[in-house]
Amino acid sequence: MSGPVFATRWDFLLATVLIGVDRSTGVYSGSETVPGQQMVCVWTRREIAEEALHVESWDLRPIEVRDLVAMLPPGIGVVVDPERPSGMTASAAYVSALRPLLDPFPPDVAILVGSWDELAGDVLDAVRATMSGPAAVRDLVAFTYRVDDSPPLGCLAFAADDPAPATAALRAATASVVDPGALGVAAIRIVPTGVVPAEVLTAVGDTFRVAPPRRRGRWRR
């Protein structure tokens, strides 16, 4: 018998799944397997979802589990691939226990910092370009880190007068990486430096600071 579709809490939290949205009401697909315990139903593959739902009445939309967890009211759990041997149930208590991990740097959790050697080539060039573009990113550090037992996560922490365009520019710079695994990380966090705990910034120091692109000067004889 196969194991659950998401073996660990991080596999689950970092996954993207499909959710059914009722076309007439906008309500998410759900069930009540136990009286009084409401559950949202999600699926890992389109063909599984289409077997379970009347597709003429439902829209299937991708959603990151972390976004779903953030929006669920207290007392609501999640069922993944209902009625399948490999499916799993995340109880309301389990979902509640995941909420602190939505913070890029959860308080009172061990964090281990490392170098992001896989951030290279065109992606690194695009990241550097934000430091000379209209987003006005004036300081940037790139590093990997683990939150407790998490897989490696990538972080781009920046300083800028206006965080919104800086965040958008850095997201655009990494948008070509559909699978963060290509950069050696399970997910990429883009945050202002002020979000990063002081002890993490101390561990990062100047070692992982991204150098701005070189300015091209005019040569004169």
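Structure: see above.
Description of the packing of helix H5 (residues 121-129) against helix H6 (residues 163-174)
Running from N to C, H5 and H6 cross one another at 165°; their axes reach a closest spacing of 8 Å. Judged by the inter-axis angle, H5 sits roughly antiparallel to H6. As H5 packs across H6, the resulting crossing turns out to be right-handed. In this structure, H5 contributes Val-123, Ala-126 and Val-127 to the contact, and H6 contributes Leu-170, Ala-173 and Thr-174. Counted by class, the contact of H5 with H6 contains five nonpolar, one polar and no charged residues.

Concerning the sheet that holds strand E7 (residues 111-114)
An order of E7-E8-E9-E10 is seen for the four strands of this open sheet, with the pairing classed as mixed. Each edge of the sheet is formed by a strand with only one pairing partner; in this case those strands are E7 and strand E10 (188-192). Taking each pair of neighbouring strands and ignoring which way they run, the sheet shows an average axis angle of 35°. Taken together, the seven bridges between strand E8 (residues 139-147) and strand E9 (residues 153-159) define a ladder with antiparallel strand orientation. Note that in E9 the partner of Thr-144 across the bridge is Gly-154.

So, the pattern of salt bridges
Proximity of charged atoms lets side chains of opposite charge pair with each other. Throughout the structure, instances matching the rule amount to 10 salt bridges. As a salt-bridge pair, Arg-9 and Asp-149 come within 2.8 Å of each other at their nearest N and O atoms. Taken together, the residues span a long stretch of sequence, with Arg-9 in helix H1 (residues 9-13) and Asp-149 in the loop between E8 and E9 at a distance of 140 residues. Under the relative-accessibility criterion, Arg-9 is labelled partly exposed at 26%. Salt-bridge contacts for Glu-51 lead to Arg-84; the nearest nitrogen and oxygen are separated by 3.6 Å. You can see Glu-51 sitting in helix H2 (residues 46-52) and its partner Arg-84 sitting in the loop between strand E5 (77-80) and strand E6 (88-90), a full 33 residues away along the chain. Accessibility expressed as a relative area gives 62% for Glu-51, which makes it exposed. Connected through salt bridges with shared partners, the residues Arg-9, Asp-148 and Asp-149 form a single ionic network.

A word on the nonpolar core
Formed by 38 residues in total, the largest nonpolar core has its most connected members in Phe-12, Val-42, Leu-68, Val-78, Phe-105 and Phe-143. Per element, the largest residue contribution to this core is four residues, and it comes from E8. In this structure Leu-68 touches Ile-19, Tyr-28, Val-40, Val-42, Ile-63 and Val-78, once residues within four positions along its chain are discounted. Listed in part, the 21 residues of the second largest apolar core include Ala-173, Val-177, Ile-190 and Val-210.

Reading guide: rules and limits
- Residues numbered from 1 in each chain as written.
- Predicted model: local features only at pLDDT ≥ 70, side-chain atom pairs only at ≥ 80, totals over all residues.
- Heavy atoms only, no water.
- Axes fitted to C-alpha atoms, helices over the stretch in contact; angles between N-to-C directions.
- Helix = DSSP H or I, 4+ residues; strand = E, 2+ residues; numbered from the N terminus.
- Parallel < 35°, antiparallel > 145°, perpendicular 65-115°, else oblique.
- Left-handed = near helix turned anticlockwise from the far one by under 90°.
- Contact = heavy atoms within 4.5 Å.
- Nonpolar A, V, L, I, M, F, W, Y, C, P; charged D, E, K, R; others polar.
- Pairing = 2+ DSSP bridges.
- Salt bridge = Lys/Arg side-chain N within 4 Å of Asp/Glu carboxyl O.
- Buried < 20%, exposed > 50% of the residue type's maximum accessible area, 1.4 Å probe, protein only.
- Core = buried A, V, L, I, M, F, W, Y, C linked by side-chain atoms within 4.5 Å.

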